[in-house]
Structure formats: C-alpha cells, structure tokens
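# Summary of structural features
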Amino acid sequence: MVEVRLPTLLRPHADGAASVGVEGSSVAEVLADLTRRHPGLEGQILDPAGTLHKFVNVYVNDDDVRYLDALDTKVSEGDVVSILPAVAGG
Amino acid sequence: MLRLTRDQYLRIVAHCYDGLPDEACGLLAGPVAGGAPTGEVAEVFPARNSDASARTYTVDGRDYLRADREAQALGAEIVGVWHSHTHTHAYPSPTDVRQAVDPTWFYVIVSLAQGDPVLRTYRIEGEAITEVATVVDG
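Everything in this summary refers to the structure shown in the same document. Everything numeric here is computed off the predicted structure, so don't read it as measured data. (Residues numbered from 1 in each chain as written. Chains lettered and ligands numbered in written order. Predicted model: local features only at pLDDT ≥ 70, side-chain atom pairs only at ≥ 80, totals over all residues. Heavy atoms only, no water.)

Turning to the overall build of chain B, a few remarks are in order. Assigned secondary structure in chain B consists of three helices and eleven strands. Ordered by position in the sequence, the α and β elements of chain B form the string β-α-β-β-β-β-β-α-β-α-β-β-β-β. Against the 2.2 N^0.38 benchmark of 14 Å for 138 residues, chain B shows a C-alpha radius of gyration of 14 Å, consistent with a compact globule. Counting all 138 residues of chain B, 48% fall into the buried class. For chain B, restricting intrachain contacts to residue pairs at least 6 apart in sequence, the fraction spanning at least 24 positions comes to 63%. Roughly 6500 Å² of accessible area belongs to chain B as shown, and the carbon and sulfur atoms make up 51% of that amount. With 11 positive and 19 negative side-chain charges, chain B shows a separation of 2 Å between the mean positions of the two kinds. (Helix = DSSP H or I, 4+ residues; strand = E, 2+ residues; numbered from the N terminus. Rg over C-alpha atoms; globule rule 2.2 N^0.38 Å. Buried < 20%, exposed > 50% of the residue type's maximum accessible area, 1.4 Å probe, protein only. Contact = heavy atoms within 4.5 Å. Areas by Shrake-Rupley, 256 points an atom, 1.4 Å probe, with all protein chains shown as cover. Lys, Arg positive; Asp, Glu negative; His and termini not counted. Charge placed at Lys NZ, Arg CZ, Asp CG, Glu CD.)

Quick look at the structure:
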C-alpha cells in the first residue's frame, strides 16, 4: 500500500479524503489506481497526453518526480506520494 | 476574515523585506471546516521564491512540501499564500489571477512600494477578486 496525499483543491474529487491508500509500483500505476478509486480526479493530475500537468508537482517522499524518472519513478510499499499544486504569481 | 497574530504579521512582513529586491513568498496554515478555511492562522511558513525575480514568484516546491507536513502535524492545512509586490500596490496582478490555484485560499499581498508595508488579503475565483478583511491581533 502506498499513501497518496491530496491537496485541499483535489479533495472534493476524492470524497473529501486528505489521503488515499493505493497500489502500484510506479508513479504512473499509483496515479492510475488513485483515479480508478476516485474517477473525479481524471484529468486533474495528468493532461490528455498523459503527462503531469505543469501546475501540479508530485513527490515520492521528499523527491520531486520531475527530477527522478517522472511517471516511471519507482514507488515502494510504505512510500508517501504527495500531490501539491504549483503556487505562483507575479 | 483572515486573522493573524502580531507575531505572524511581523514574520510575513520581515520575510518580504528580507527578499528584496526580489518578490518574497510563503504559505499560511490554518484549520479547515466544511471544506473551507476558517480564517484562523495556525502558522506561517516563509518559502524561497524559486523564480528569484522582482516580478514573479513561485513557491519553492520542497518548501511547500515541508510546510504541508508541518501543517499536518499541527492538525492544519495550507490555506493560503502570501507574496510581496516590490513596486506596485497590494492588489492581485493579472499574473496572480491567472495562476491562482484554489478559490478557497487566502491570497495575501504585501506591498513594499511606499514607506510603510501594506498587507491586504483576497480570494480569487476565476477572474473574480474579492477582498477579505485582515485582522492582526495583539
């Protein structure tokens, strides 16, 4: 089981859950299982091309997956995957 | 209404001055009830501006991750963001509106454009900007 932490923005799409336990051995599999359990998250994390939206950051434990193997980043039992919005302005 | 303690207010403003000449930014943590922040602030988390720019800011992702964890440990959530405007007034810029992520969040802007800092709070939903009263206790 891998814990996925959701930001407040996405919780309404996941029955209000702050975190969801999912299965998967890569970020792609984790996100696929997350979306299977909460179909309302479809399109919120990945764009239609299947890559991470630029306004979403995904971490495996402390590491931004963009600096690892992106969606192919390996995930192990007990890891925490955190999804956070990119916060920016001018 | 957004309610800051005097200490939180001073830490926000000090971080904005420390960031000069660039914009500075940070996150607000507080309780959420019924899906919306209550306006109480449990903690403020200064963050790095990964744009290192006087015109734009991006909250450093790892600083956000750390703040999110510390907020969780306090039983709180990230409920808003603050940033400084170094040369313009304390009102959301078109970039702020375009990039606003969460309509329930508090968007705090600290203007350093004139003598004294001016701190104001907004909600941003789509194109709509609504000012929220800011109270500093103590």
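Another point: the interface of chain A and chain B. Facing the 16 residues of chain A at the interface are 26 residues of chain B. Interface of chain A and chain B: buried area, both sides summed, is about 1900 Å²; carbon and sulfur atoms make up 51% of it. For chain A, the biggest contributors to the area lost against chain B are Val-87, Ala-88 and Gly-90 of chain A; these three give 34% of the whole. Between Arg-5 of chain A and Asp-68 of chain B there is a salt bridge whose closest N-O contact spans 3.6 Å. (Buried area = accessible area lost by both parts, 1.4 Å probe. Salt bridge = Lys/Arg side-chain N within 4 Å of Asp/Glu carboxyl O.)

On to the pairing of strand 1 (residues 2-5) of chain B. Residue and element names in this part refer to chain B. Side chains of strand 1 alternate between two faces, with Leu-2 and Leu-4 buried and Arg-3 and Thr-5 left unburied. Examined bridge by bridge, strand 1 and strand 11 (residues 134-137) share four bridges and lie parallel to one another. In the sheet register, Leu-2 faces strand 11, and the bridge partner there is Thr-134. (Pairing = 2+ DSSP bridges.)

It is worth spelling out the pattern of salt bridges at this point. Overall, the coordinates contain 14 salt bridges over all chains when judged by the stated rule. In this structure, the salt-bridge partner of Asp-33 of chain A is Arg-37 of chain A, at a minimum N-O distance of 2.9 Å. With Asp-33 of chain A and Arg-37 of chain A both in helix 1 (residues 27-37) and four residues apart, the pair spans about one turn of that helix. The buried category is assigned to Asp-33 of chain A, whose relative accessible area is 8%. Classification of Arg-37 of chain A by relative accessible area gives partly exposed; the value is 40%. Glu-131 of chain B serves as the salt-bridge partner of Arg-120 of chain B, at 2.8 Å between the closest nitrogen and oxygen. Separated by eleven residues along the polypeptide, Arg-120 of chain B in strand 9 (residues 118-125) and Glu-131 of chain B in strand 10 (residues 128-132) bring together distant segments of the chain. A single network of salt bridges, built from pairs that share partners, joins Arg-48, Asp-60, Asp-63 and Arg-66 of chain B.

The omega angle of the peptide bond from Leu-20 of chain B to Pro-21 of chain B is 10°, so this bond is cis rather than trans. Turning to its location among the elements, Pro-21 of chain B is positioned in the loop between helix 1 (6-19) and strand 2 (25-30). In the Ramachandran plot, Asp-15 of chain A falls in the positive-phi region, its phi being about 55° despite a non-glycine side chain. Residue classification places Asp-15 of chain A among the exposed residues on the basis of a relative accessible area of 71%. One non-glycine residue, Ala-70 of chain A, adopts positive backbone phi at about 50°.

All right, on to the sheet that holds strand 8 (residues 106-111) of chain B then. Whenever strands of a sheet pair, they do so through backbone hydrogen bonds, lying parallel or antiparallel. All names here are of chain B. On the basis of which strands lie adjacent, the open sheet formed by six strands has the order 5-2-7-8-9-10 and mixed pairing. Where the open sheet ends on each side, the last strands, each with one partner, are strand 5 (43-47) and strand 10. Averaged over all pairs of adjacent strands, the angle between their axes in this sheet comes to 30°, without regard to strand direction. The pairing of strand 2 with strand 7 (residues 77-85) spans six bridges and is classified as antiparallel. In the sheet register, Ala-29 faces strand 7, and the bridge partner there is Ile-78. Sheet contacts for helix 1: strand 2, strand 5, strand 7, strand 8 and strand 9; angle to strand 5, the most-contacted strand, approximately 5°. Across the face of the sheet, helix 2 (residues 61-73) comes into contact with strand 2, strand 5 and strand 7 while running at roughly 135° to strand 7. (Axes fitted to C-alpha atoms, helices over the stretch in contact; angles between N-to-C directions.)

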